[in-house]
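Results of the structural survey
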Amino acid sequence: MMRTSNTVLATLLMIFTAALLSATDFGLELKNTGGIEKIEDAEFYTDHKATLWATIPFNNANSNSLAIEGSFYASKPAGVDEFDYYVDVDLFRLSLTAQQNEKGKIIVDAGRFPVADATGILLSQGLDGVEVRGIRSFGNFSFLAGYTGLLNARQEKNLMTTDDVMDILTDDIYALGAKRAVAKVTFQFPELLGGADLIVEALGQYDLREQLDSDAYETVHTGYGTIAVNGPITTSVFYSLSGTFQTGVLDSDDTYSEHAILGVARVDAFPVPDANIYAEFVYTTGEDDFFSHLLPITFQSAGTLYGAGYGNLMRAKTGVLYIPMNVLNIDFGASLFMYSKETDEADGLYSATEVNAGATFKATSDLRLRFDGTLLFPKDDDMQYQAEITVVFNL
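Residues numbered from 1 in each chain as written. Predicted model: local features only at pLDDT ≥ 70, side-chain atom pairs only at ≥ 80, totals over all residues. Heavy atoms only, no water.

Focus: the overall build of the protein
Heads up, the condition is: Segments assigned H or I by DSSP are reported as helices when at least four residues long, segments assigned E as strands when at least two residues long, and all are numbered from the N terminus. Here the radius of gyration uses the C-alpha set of atoms, whereas the globule reference equals 2.2 Å times the residue count to the power 0.38. For each residue, the accessible area found with a 1.4 Å probe, counting protein chains only, is set against the maximum for its type, and the residue is called buried under 20%, exposed over 50%, and partly exposed in between. When checking whether two residues touch, look at their non-hydrogen atoms; a contact exists if any pair is within 4.5 Å. Only the protein chains shown count as cover for residues, and the accessible areas themselves come from Shrake-Rupley with a 1.4 Å probe. This count recognises Lys and Arg as positive and Asp and Glu as negative, with His and chain-terminal groups excluded. A charge is said to be at NZ when it belongs to Lys, at CZ for Arg, at CG for Asp and at CD for Glu.
Counting its secondary structure elements, the protein contains three helices and 19 strands. Computed over its C-alpha atoms, the radius of gyration of the protein comes to 22 Å, within 12% of the 21 Å expected for a compact globule of 395 residues. Counting across all 395 residues of the protein, residues that qualify as buried make up 41%. Across the protein, the fraction of contacts at a sequence separation of at least 24, relative to all contacts at a separation of at least 6, is 52%. Just so you have it, the protein exposes about 20400 Å², and 59% of that area is on carbon and sulfur atoms. Within the protein, one finds 25 positive and 54 negative side-chain charges whose respective centroids are separated by 9 Å.

Here's what the structure looks like:
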């Protein structure tokens with residue numbers, strides 16, 4: 001594993017260096033975060049990221065191009081005395097416009113690039129693969145095929161099985177992790193239902209660990225079908241609704257079905273041009289004789305200090321974003337977390353409440369400052385808090 005990881009890292013660095021030497025536009029972004037976090041005791045933490053980026057256009061219109069980003073990460077989590085380091089190639093995307101005429105447009109992306117599903121909950125990460133996106137008179141479409149096995153597991157994105165979790169327990173600066181083939185098909189039909197857009201999406205992942213790793217303990221294969229509708233209520237109020245059904249099979253010491261439902265409802269209001277008020281409700285099924293927990297391809301915490309994922313969850317969230325001036329924006333939010341089904345470990349459905357506040361200040365064209373504060377009120381524990389400042393400098 002160590003030799004394979006080093007080979008992948010060396011290859012990616014050689015490609016990155018060659019591309020950088022050919023770039024016509026490049027730069028360096030430095031992002032530094034420091035703060036205090038209290039779970040049991042107040043602890044200092046710090047996080048640092050240096051990103052080198054470059055863009056190589058292949059025509060004057062920049063419709064065909066190569067974009068690359070490589071980063072060095074260093075962090076000292078709260079409660080830990082030593083720094084942790086790793087590197088990653090965040091982006092290596094070749095974009096080609098295959099067709100652009102009166103019939104529409106077709107764009108092909110290949111390499112490593114960010115992807116997301118219609119909900120943003122099931123899939124939200126970088127992926128190695130190919131995506132074809134099209135714009136036609138009847139609507140928009142996209143086809144995606146990719147692989148996770150060459151990504152750096154230190155990013156802690158793919159955590160669907162016990163084996164996936166074990167992959168991240170390493171000090172390697174580049175460690176290979178979950179070996180999954182991912183495919184997605186999306187169709188969007190604008191203004192199909194009384195001014196509302198209709199989105200139909202199929203997403204799936206197949207675990208290749210058993211074929212590529214003889215020591216595999218646990219594998220899981222899942223598929224997701226999503227229907228989403230979004231549109232205006234008034235000229236300044238908009239809604240979005242989505243429903244997803246998950247099905248799958250988990251092979252471990254036994255074989256288990258992985259069925260779940262995800263529902264998301266959201267309303268955004270713009271009472272004045274400089275303000276956005278939103279309310280959102282997320283629901284996922286709890287475990288019973290038929291349903292299991294939601295198992296996204298990409299692991300994401302449902303909150304900031306609330307570290308649990310989206311399984312067995314009801315989350316009501318509201319907030320406001322206000323931009324009083326061009327160089328400043330302010331945001332506030334609050335989330336209520338509940339279980340959709342009572343568990344043996346919890347007495348009742350209520351889990352926690354979280355409150356967030358933040359502000360972003362653009363000091364110059366190259367310097368941004370971000371202030372964040374979070375309070376978490378767990379049901380059976382003392383209040384937890386986090387306060388941090390992030391400085392982003394572009395060279």
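A short note on the layout of surface pockets
Which entries qualify depends on this criterion: Grid points spaced at 1 Å over the protein atoms alone were grouped into cavities, where a 1.4 Å probe fits but cannot get out, and pockets, open sets with protein on both sides within 12 Å along at least five of seven lines, with lining residues defined by an atom within 4 Å of a point. Grid points are joined across faces, edges and corners, and a volume is the space filled by probe spheres set on the points. Ten residues, namely Ala, Val, Leu, Ile, Met, Phe, Trp, Tyr, Cys and Pro, are considered nonpolar, four, namely Asp, Glu, Lys and Arg, are considered charged, and the remaining ones, Gly among them, are considered polar.
What the largest pocket holds in volume is close to 1600 Å³. Together, 30 residues line the largest pocket, and Asp47, Tyr86, Gln155, Glu156 and Lys157 are the ones closest to its centre. Breaking the lining of the largest pocket down by element, the ones donating at least two residues are β1 (25–38), β2 (42–57), β3 (65–76), β4 (84–101) and β19 (384–394). The leading source of residues in the lining of the largest pocket is β2, at five residues. When the residues that make up the lining of the largest pocket are grouped by side-chain class, the tally is 10 nonpolar, 10 polar and 10 charged.

Comments concerning the pattern of salt bridges
We count it as follows: When a carboxyl oxygen of Asp or Glu is within 4 Å of a side-chain nitrogen of Lys or Arg, the pair counts as a salt bridge.
Across all of its chains, the model carries 14 salt bridges by this definition. As a salt-bridge pair, arginine 180 and aspartate 164 come within 2.2 Å of each other at their nearest N and O atoms. Separated by 16 residues along the polypeptide, arginine 180 in strand β8 (residues 180–193) and aspartate 164 in helix α2 (residues 162–167) bring together distant segments of the chain. For arginine 180, a relative accessible area of 0% gives the class buried. Here aspartate 164 falls in the buried class, since its relative accessible area comes to 1%. A salt bridge links arginine 315 to glutamate 280, with the nearest nitrogen and oxygen atoms 2.8 Å apart.

Digging into the environment of valine 229
Note on placement: valine 229 falls in strand β10 (residues 219–232). Taking the C-alpha atoms as reference points, valine 229 and alanine 265, separated by 36 residues in sequence, lie 9.8 Å from one another. With residues near it in sequence (within four places) discarded, valine 229 still touches Ala196, Asp197, Leu198, Tyr239, Ser240 and Leu241.

Concerning the pairing of β4
The condition is simple: When DSSP finds at least two bridges between two strands, those strands are taken to pair.
Both β3 and β4 contribute to a ladder of 11 bridges, which runs antiparallel. What sits directly across from serine 75, in β4, is aspartate 84. Note: β4 against strand β5 (residues 104–116), nine bridges, orientation antiparallel. Counterpart to leucine 94 in the pairing with β5 is alanine 110.

A word on unusual backbone geometry
Residues other than glycine seldom take positive phi values, yet glutamate 191 does so here, at roughly 50 degrees. As for its position among the elements, glutamate 191 is in strand β8. The exposure class assigned to glutamate 191 is exposed, which follows from its relative accessible area of 62%. If you check the backbone angles, asparagine 312 has positive phi at about 50 degrees while not being a glycine. Within the fold, asparagine 312 resides in the loop between β14 (275–284) and β15 (314–325). Asparagine 312 gets classed as buried once you look at its relative accessible area, which sits at 6%.

Just distances and angles here, no functional claims.
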